[in-house]
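Coordinates in review
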Amino acid sequence: QKEVEQDPGPLSVPEGAIVSLNCTYSNSAFQYFMWYRQYSRKGPELLMYTYSSGNKEDGRFTAQVDKSSKYISLFIRDSQPSDSATYLCAMGKGSSNTGKLIFGQGTTLQVKP
Amino acid sequence: GAGVSQTPSNKVTEKGKYVELRCDPISGHTALYWYRQSLGQGPEFLIYFQGTGAADDSGLPNDRFFAVRPEGSVSTLKIQRTERGDSAVYLCASRTSENTGELFFGEGSRLTVL
């Protein structure tokens, strides 16, 4: 069993839809959580970073962490065709963010105009 | 340059050959990371450097893989006796220091072993 599980999709939604992306994890040692976006043939870029349970909002994006359920989510409101990409969850162990991350498989999202 | 630069962007080699992949981090970033991304998978940690020294090389799959960062800036990932299973995109990332800041990834070096 992988430490981090993420449904690979693909996920196809119409423009303007609310998108929900999720990851589950098995190791309670994970203490900080991130979402990255990766366009085709590009490197991942950081979207959201959270350390504690709860919600964090940034524009159209909301990251949610539930440590008791070992479950994290990313919500995208008013989705746009430019949001079409692969979304990767990533997690790190311990209290110090060393940058050594465990990534999920990635979910491919297509937003249709 | 403004971002992390990786060369070559594409490399095709034959099984058994030696390969070097280069990463030029963002100027001033002391921490440098190598990840490997296989098709349809998320990146997998290989090694990271703080300055010139490898702080954690626990992700290197075997002794055919080696990385150096002799002057604390540019890093080279070296793969000996390449195997078909080494085919992947090798991503480099850097950040300002070991314990803070986001990772900035390059576009990767796509390695194909025939």
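Above this text sits the structure in question.
How each quantity is defined
Residues numbered from 1 in each chain as written. Chains lettered and ligands numbered in written order. Predicted model: local features only at pLDDT ≥ 70, side-chain atom pairs only at ≥ 80, totals over all residues. Heavy atoms only, no water. Core = buried A, V, L, I, M, F, W, Y, C linked by side-chain atoms within 4.5 Å. Buried < 20%, exposed > 50% of the residue type's maximum accessible area, 1.4 Å probe, protein only. Helix = DSSP H or I, 4+ residues; strand = E, 2+ residues; numbered from the N terminus. Contact = heavy atoms within 4.5 Å. Buried area = accessible area lost by both parts, 1.4 Å probe. Salt bridge = Lys/Arg side-chain N within 4 Å of Asp/Glu carboxyl O. Polar contact = N/O pair within 3.5 Å; in protein donor to acceptor, adjacent residues only side chain to side chain. Nonpolar A, V, L, I, M, F, W, Y, C, P; charged D, E, K, R; others polar.

**Notes on the nonpolar core**
Grouped together as the largest cluster of nonpolar side chains are 23 residues, with contacts concentrated most on Trp35(A), Ile72(A), Leu74(A), Ile76(A), Tyr87(A) and Met91(A). At the level of secondary structure, the elements contributing two or more residues to this core comprise strand S3 (19-25), strand S4 (30-38), strand S5 (45-50), strand S7 (61-66), strand S8 (71-76), strand S9 (85-93) and strand S11 (107-112) of chain A. In contact with Tyr87(A), not counting residues within four places along its chain, are Gln6(A), Leu21(A), Tyr36(A), Arg37(A), Leu47(A), Leu74(A), Ile76(A), Gly106(A), Thr107(A) and Leu109(A). Membership of the second largest hydrophobic core comes to 20 residues, among which are Trp34(B), Ala67(B), Leu77(B) and Cys92(B).

**Description of the environment of Arg41(A)**
Position of Arg41(A) relative to the elements: it lies in the loop between S4 and S5. Here the alpha-carbon distance between Arg41(A) and Ser28(A), two residues 13 residues apart in the chain, equals 33 Å. Apart from residues no more than four positions distant in its own chain, Arg41(A) is found in contact with Glu107(B) and Arg110(B).

**Examining the interface of chain B and chain A**
Opposite the 23 residues of chain B that make contact, chain A presents 18 residues. Together, the buried faces of chain B and chain A total about 1,600 Å²; carbon and sulfur atoms form 44% of this surface. Ranking the residues of chain B by area buried against chain A places Pro43(B), Phe105(B) and Glu107(B) at the top, with a combined share of 26%. Where chain B meets chain A, there are 2 salt bridges. Linking Asp56(B) and Lys100(A) is a salt bridge whose minimum nitrogen-to-oxygen distance equals 3.1 Å. Where chain B packs against chain A, one counts 11 residue pairs in polar contact (both at pLDDT 80 or more). For the side of chain B that touches chain A, the secondary-structure elements that each account for two or more residues are strand S4 (31-37), strand S5 (44-50) and strand S9 (88-95) of chain B. For the side of chain B that touches chain A, the element with the highest residue contribution is S4(B), accounting for 3 residues. For the side of chain B that touches chain A, the class distribution of residues is 8 nonpolar, 9 polar and 6 charged.

**As for the environment of Val65(A)**
Residues and elements named next belong to chain A. Of note, Val65 is situated in strand S7. Sequence separation of Val65 and Met34 is 31 residues, and the distance between their C-alpha atoms is 9.9 Å. Those residues in contact with Val65 that sit more than four places away from it in its chain are Phe33, Thr50, Ser52, Ser53, Gly54, Tyr71 and Ile72.

**Side note on unusual backbone geometry**
Note the cis peptide between Gly9(A) and Pro10(A), where omega equals 10°. Residue placement: Pro10(A) occurs in the loop between strand S1 (4-6) and strand S2 (11-14). Residue Pro8(B) is reached from Thr7(B) by a cis peptide bond, and omega for that bond is -10°. In this structure, Pro8(B) sits in the loop between strand S1 (5-7) and strand S2 (10-13). Despite not being glycine, Lys70(A) shows a phi value in the positive range, around 55°. Relative to the helices and strands, Lys70(A) resides in the loop between S7 and S8. One non-glycine residue with positive phi stands out, namely Arg81(B), at about 45°. Within the secondary structure layout, Arg81(B) lies in the loop between strand S8 (75-79) and S9. Residue Arg81(B) is classed as partly exposed on the basis of its relative accessible area, which comes to 46%.

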